[in-house]
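# Close look at the chain arrangement
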Amino acid sequence: MTSVRRVVSLVATIALVASGLVATGLSAGTVPAQAATEEVYPAPATGSWTADGHGFGHGRGMAQWGAQAAALQGRTLDQILTFYYPGTTASSIGGPYVKVSLASYSPTTTVTIWSPENRPIRMGAINGETMHAAGRWTVTTSGQQVTAQRRATINGPVLETVIITGVLRFESLSEYGMIIGASQTATTGRWYRGDLRIEPQVSGFNVTNSLPMESYLRSVVPRESPASWQPTALQAQAVAARAYAWYKVTTGSALCDSTACQVYYGRGDATAAGNLSYSWEDSRADAAIAATAGRVQNYGTSVAMTEFSSSNGGWTTASSLPYQVAKPDPWIGTAPGDTVTSWTSTLSVARVAESCPGSGGTLRNLVVVARNGNGSFGGRVTQVRVECTTGNATVYSPSFGLMSNWWKPRDVTPRLDSPAQSATAISYGAQMSLAATPNVGVTWTLTVRDHRTNMVVITTSGSAAAGERFNATWFGRSAAGISVGAGPYDLALSAVSSTGASASPYRTSVQVGPAPDPPKQPTAG
């Protein structure tokens, strides 16, 4: 899942749901709301849009930043879980084991495994393990045959060889854990509690880690939520992570160690000597796990799929599950340090163009067809159309590399919004102004012409930043050898952006009064 830990440590890591040409992200039974009008965003020459957005992740279930905000406001664990998983009730699963696939080694062709603190090793086929001396066991496979060779040191001579067919299991006494490195020459490794298993595949093998659920959570909870957070928020994370993992197990799905499941780093990093060099666990998270030991949330008699994400952006996201409903989140966005409930980022034209049909397509327009109707901008984007030189394609619920699918590009076509005229008639020499607010930074020009002759009387120019209201002023009088007399004058306020794109000009007119009679000259007496 989207880990709030990475939000805190990397602030704005933008690596979320990959967009596709299929309806990924839309749950069964979810019908996108058709936009009242399609939002058309021509591909800018600059190669990117500035996009405003909300949330980090899918928004289903618990918002981690929302749980922290609720805890800061004194809400209880039950209040938090009941809000984010309505209709669920507390239940206990005791202390079962789980098995996690380690993505870095699934699949792979070789690893080296050693015991923490040089403890003796039990290894062999499951339920057929035998004791072996501590050492560095380098593993390879050929089909279903697994070969493990023990060395005492890196690049040392092979002291022992074990060959079995099928799964090879490693553990130290009392399931203290095992350490794994990527190769025979690895000087550091990752320490996992429980056991490590080599599972042969058609090509190479996968490595899995089997351990008690509560030990597994000791790494998951502080990776998904910062251990410095409120105890109640950490307890909510512990329950959600435990229930989510158990839902995966009981429905026959594999657990992984990445954001595709839950972030799991094992106990910590270790040296070649088997000593812990960095812990991925934290005593504050351990306390939250212990305080909620065995607790999950059930819907009816079955464990609920307690999904969570960093921030829902202000609205929870509905799915076909009865306990995943859309509603405003009263807590999200109020916790100090929350930078992901509302954000501004860059939306790359090249990233969007990856969804063009065929190969080599150039994006012409990004068209938002539908949103879910919840919150600002009309809610999360549920359907877009990419219009390309190679044709059009429909993409469902895309994030395009942004933090969520709740985004809106800023319009890069320059506009002069809310134009206004200070007067429609002025005395000769009096001041009048045209005002406007550009949506992007522009250089503006005011052109005044005599309506009767179409002669340019004056041009004046200036610049304005996006959202900055400006006044273009003219004094209705003769200047620079151009005579201004009584009558109508046409005014045109135009603007050009830094990319050379032009805004539609604002045109109007003003009536100028007659010039005053010149002062009479005294007559000679």
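Residues numbered from 1 in each chain as written. Predicted model: local features only at pLDDT ≥ 70, side-chain atom pairs only at ≥ 80, totals over all residues. Heavy atoms only, no water.

## Describing the pattern of salt bridges
- On inspection of all chains with the given rule, the structure shows 26 salt bridges.
- We note a salt bridge from E160 to R150, for which the minimum N-O separation is 3.0 Å. A residue pair is termed long-range when its members are at least 10 positions apart, and E160 in strand 11 (residues 160–165) and R150 in strand 10 (residues 145–151) qualify at 10 residues.
- According to the relative accessible area criterion, R150 is buried, its value standing at 13%.
- Among the ionic pairs, R218 bridges to E281, the shortest N-O distance being 3.5 Å. In this pair, R218 is assigned in helix 4 (residues 213–224) and E281 in the loop between strand 19 (276–279) and helix 6 (283–291), connecting sequence segments 63 residues apart.
- According to the relative accessible area criterion, R218 is partly exposed, its value standing at 25%.
- For E281, a relative accessible area of 12% puts it in the buried group.
- One salt-bridge network, in which partners are shared between bridges, spans R122, E129, R169, E171, E175, D195 and R197. (Salt bridge = Lys/Arg side-chain N within 4 Å of Asp/Glu carboxyl O. Helix = DSSP H or I, 4+ residues; strand = E, 2+ residues; numbered from the N terminus. Buried < 20%, exposed > 50% of the residue type's maximum accessible area, 1.4 Å probe, protein only.)

## What about the sheet that holds strand 2 (residues 48–54)?
- The strand order across the open sheet formed by three strands is 23-2-27, and the pairing between neighbours is antiparallel. The sheet is open, and its two borders are formed by strand 23 (342–348) and strand 27 (407–409), each paired with just one other strand. Ignoring which end each strand starts from, the neighbouring axes of this sheet average 30 degrees apart.
- Here strand 2 runs beside strand 23; their pairing, made up of seven bridges, is antiparallel. Bridged to A51 within strand 23 is S345. (Pairing = 2+ DSSP bridges. Axes fitted to C-alpha atoms, helices over the stretch in contact; angles between N-to-C directions.)

## Focus: the confidence of the model for the protein chain
- Here the protein chain averages 92 in pLDDT, while 92% of its residues score no lower than 70.
- Across residues 5–32, where pLDDT falls below 50, the model places 65 contacts with residues more than four positions away in sequence or in other chains. (pLDDT = per-residue confidence, 0-100. Contact = heavy atoms within 4.5 Å.)

## Describing the sheet that holds strand 33 (residues 470–475)
- Read across the open sheet, the three strands follow the order 28-30-33; overall the sheet is antiparallel. Unpaired on one side and paired on the other, strand 28 (416–421) and strand 33 mark the two borders of the sheet. Here the strands of the sheet are splayed against their neighbours by 20 degrees on average, with no regard to which way each runs.

## Concerning the pairing of strand 34 (residues 487–497)
- With nine bridges connecting them, strand 31 (residues 442–450) and strand 34 associate as antiparallel partners. By the bridge assignment for strand 34, T445 is matched with S494.
- The pairing of strand 34 with strand 35 (residues 506–512) spans seven bridges and is classified as antiparallel. Bridge pairing in strand 35 places L493 opposite Y506.

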